[in-house]
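Chain by chain, the residues:
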Amino acid sequence: MEHGATLATDNPAIASFGDIASFGKQVADTQIAEGFVAPLTDLGLIEATGEEAAGFLHNQLTNDVEHLGPGTARLAGYCSPKGRLMATFLTWKQGESIFLQLPHHLQPAIQRRLQMFILRSKVKLADASDRFVALGLGGAKAGAALRGHFPNLPGAPFLAASSEAGTLIRLADAGGQPRYQWIAPVETAQAAWPALCAALTPAGTSTWRLTEIRAGMPVITQGTQEQFVPQMINFELVGGVNFKKGCYPGQEIVARSQYLGKLKRRMQLATIASESEDVPVGGELFSSEDPGQPCGMVVNAERNASGETECLVEIKLAALDAGTIHLGAPDGPALRFGELPYPLTDPA
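Residues numbered from 1 in each chain as written. Predicted model: local features only at pLDDT ≥ 70, side-chain atom pairs only at ≥ 80, totals over all residues. Heavy atoms only, no water.

(A) How the structure looks around the overall build of the chain. If you tally the helices and strands in the chain, you get 7 helices and 17 strands. Relative to a compact globule of 348 residues, whose C-alpha radius of gyration would be 20 Å, the chain shows 20 Å and is just as compact. Buried residues in the chain amount to 54% of all 348 residues. Across the chain, the mean location of the 27 positive side-chain charges is 6 Å away from that of the 35 negative side-chain charges. (Helix = DSSP H or I, 4+ residues; strand = E, 2+ residues; numbered from the N terminus. Rg over C-alpha atoms; globule rule 2.2 N^0.38 Å. Buried < 20%, exposed > 50% of the residue type's maximum accessible area, 1.4 Å probe, protein only. Lys, Arg positive; Asp, Glu negative; His and termini not counted. Charge placed at Lys NZ, Arg CZ, Asp CG, Glu CD.)

(B) Here's a closer look at the side chain of S287. Among the structural elements, S287 can be located in strand 13 (residues 284-287). Ignoring sequence-local partners within four residues, the contact set of S287 consists of C295, A319, A322, T324 and I325. (Contact = heavy atoms within 4.5 Å.)

(C) Examining the packing of aromatic side chains more closely. Applying the stated rule across the entire model yields 5 aromatic pairs. Ring centres of F150 and W182 lie 5.6 Å apart, and the angle between their planes is 85°; on these two criteria the pair is classed as edge-to-face. In this pair, F150 is assigned in the loop between helix 4 (142-146) and strand 8 (160-163) and W182 in strand 10 (residues 177-185), connecting sequence segments 32 residues apart. Pair check on accessibility: F150 and W182 agree, each one buried. Each ring, one from F243 and one from Y259, has its centre 6.0 Å from the other, and the planes form 65°; the classification is edge-to-face. A residue pair is termed long-range when its members are at least 10 positions apart, and F243 in the loop between helix 6 (205-214) and helix 7 (251-259) and Y259 in helix 7 qualify at 16 residues. For F243, a relative accessible area of 25% puts it in the partly exposed group. You can call Y259 exposed: its relative accessible area is 54%. Aromatic rings pair up to connect W92, F99 and F132 into one cluster. Against the face of W208 rests R179, its NZ or CZ located 4.5 Å from the ring centre. (Phe/Tyr/Trp six-rings, centres within 6.5 Å; stacked < 30°, edge-to-face > 60°. Lys NZ or Arg CZ within 6 Å of the ring centre and 35° of its normal.)

(D) The pattern of salt bridges, seen in detail. Taken as a whole and judged by the stated rule, the model has 13 salt bridges. Its salt-bridge partner being R214, residue E310 comes within 2.7 Å of it at the nearest N-O pair. You can see E310 sitting in strand 15 (residues 309-316) and its partner R214 sitting in helix 6, a full 96 residues away along the chain. Within the structure, one salt-bridge network assembled from shared partners comprises D29, R214 and E310. (Salt bridge = Lys/Arg side-chain N within 4 Å of Asp/Glu carboxyl O.)

(E) Summary view of the layout of surface pockets. If you add up the space inside the largest pocket, you get close to 670 Å³. Only strand 4 (85-94), strand 5 (97-103), strand 9 (166-174), strand 10, helix 6 and strand 14 (296-303) provide two or more residues apiece to the lining of the largest pocket. Grouping the amino acids of the lining of the largest pocket by side-chain chemistry returns 18 nonpolar, 8 polar and 7 charged. The volume enclosed by the second largest pocket comes to roughly 260 Å³. (1 Å grid on protein atoms, 1.4 Å probe; cavity = no way out; pocket = protein on both sides within 12 Å on 5 of 7 lines; lining within 4 Å. Points joined across faces, edges and corners; volume = space filled by probe spheres on them. Nonpolar A, V, L, I, M, F, W, Y, C, P; charged D, E, K, R; others polar.)

(F) The arrangement of the sheet that holds strand 7 (residues 132-138) in detail. Taken in spatial order, the 6 strands make up an open sheet running 8-9-10-7-1-11, and their pairing is mixed. The open sheet has two edge strands, strand 8 and strand 11 (201-202), and neither has a second partner. Sheet topology note: the strand 8/strand 9 ladder contains 4 bridges and is antiparallel. By the bridge assignment, A160 is partnered in strand 9 with I169. Contacting strand 1 (36-39), strand 7, strand 10 and strand 11, helix 5 (residues 186-199) crosses the sheet at an angle of about 140° to strand 10. (Pairing = 2+ DSSP bridges. Axes fitted to C-alpha atoms, helices over the stretch in contact; angles between N-to-C directions.)

(G) Just the environment of K122, in detail. On the secondary structure map, K122 appears in the loop between helix 3 (107-116) and strand 6 (124-127). When the C-alpha positions of K122 and A28 are compared, they lie 48 Å apart, and in sequence the two are 94 residues distant. Residues contacting K122, with those up to four places away along its chain left out, are T49, G50, E51, E52 and A53.

(H) Looking closely at the pairing of strand 5. With 7 of 7 residues buried, strand 5 lies mostly within the body of the structure. Strand direction decides the pairing type here: strand 2 (residues 43-49) and strand 5, joined by 6 bridges, are antiparallel. The residue of strand 5 that forms the bridge with L45 is Q101. Summarising the sheet, strand 4 and strand 5 pair through 5 bridges and their orientation is antiparallel. The residue bridging T91 from the neighbouring strand is L100, located in strand 5. Counting the residues in the hairpin turn of strand 4 and strand 5 gives 2 residues, including G95, whose phi is positive at 60°.

(I) Looking closely at helix 6. Taken across its 10 residues, helix 6 has 8 buried, putting it largely inside the fold. For helix 6, the full list of buried residues reads T205, S206, T207, W208, L210, T211, E212 and I213. In the segment just after helix 6, G216 is the residue with positive phi, at about 75°.

(J) Structural context of the sheet that holds strand 15. With respect to topology, 6 strands assemble into an open sheet ordered 16-13-14-15-12-17, the strand pairing being antiparallel. Where the open sheet ends on each side, the last strands, each with one partner, are strand 16 (325-327) and strand 17 (335-337). Taking the axes of each pair of neighbouring strands and ignoring which way they run, one obtains an average angle of 40° across the sheet. Contacts between helix 6 and the sheet are confined to strand 12 (265-272), strand 14 and strand 15, with strand 14 contributing the most and set at about 135° to the helix.

Have a look at this one:
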């Protein structure tokens, strides 16, 4: 395909998009703001069907699935019995199916674990990754590029629209510009790809992940599984936890963390200078004022077009009050902190 990009994914549905690895260079911020499109090669998809699917997932995840309507999408987490996140999902309903989107490398193990608890429930879980392609679109021109497929665009984050072209979900804005995920049947995405690339800057998956970071939206990956209670990565602030729903694995610990009062750890937005080495997800952070023990961890990280690495980091709030924060060791690369696009609030 002329807009194709040696394939950097094990997701078979993406294979038709050509050499996506050649999109590896991060596009400029001006192009991100104007409009970009990226095949999301790192995501997998679980489809849940059956008359008890909503109730089953409602009892497993941190958010309300029983009342998930066809015009909305939600974030949700899957916790261990100790209340630590094993996965984060984007969830939505299309027809009689409920979809759970998560990093592709986590999907097999998470799907097997969910399957263990179905028992006699009337629920079926299937890997839908080879039937759909997820495209990430953002920037000022993204809406216009989508209107031929979705005349009525979702007007606010976490609203969704469906058509024969698939499902379109508006996600949290980044840099004041809207972002969308289009989950399309493979053939539909193939047909739309050339026109999207003509209207928008084609980009790699890393560009989408960079906008996720700028939007303050955490994603659990292999390096951070079972490291965080949801509040440690602001997951309740971005709509990923419902404290009024019933029980789910780890619910008592998550609730206790919410109602004990002032939280001592939160997620922050940070940048590490261009001369630094690659920033590992799960990498430890150290304070110059207390170098004997780590004070935080990298949640997500991506390089920008300037060569700097933008990060979401979980950190002790007290460590921000004095000294400097460094990656990997007390004398490692220093972090420069920025402002998240939403306020950090304590439990009511």
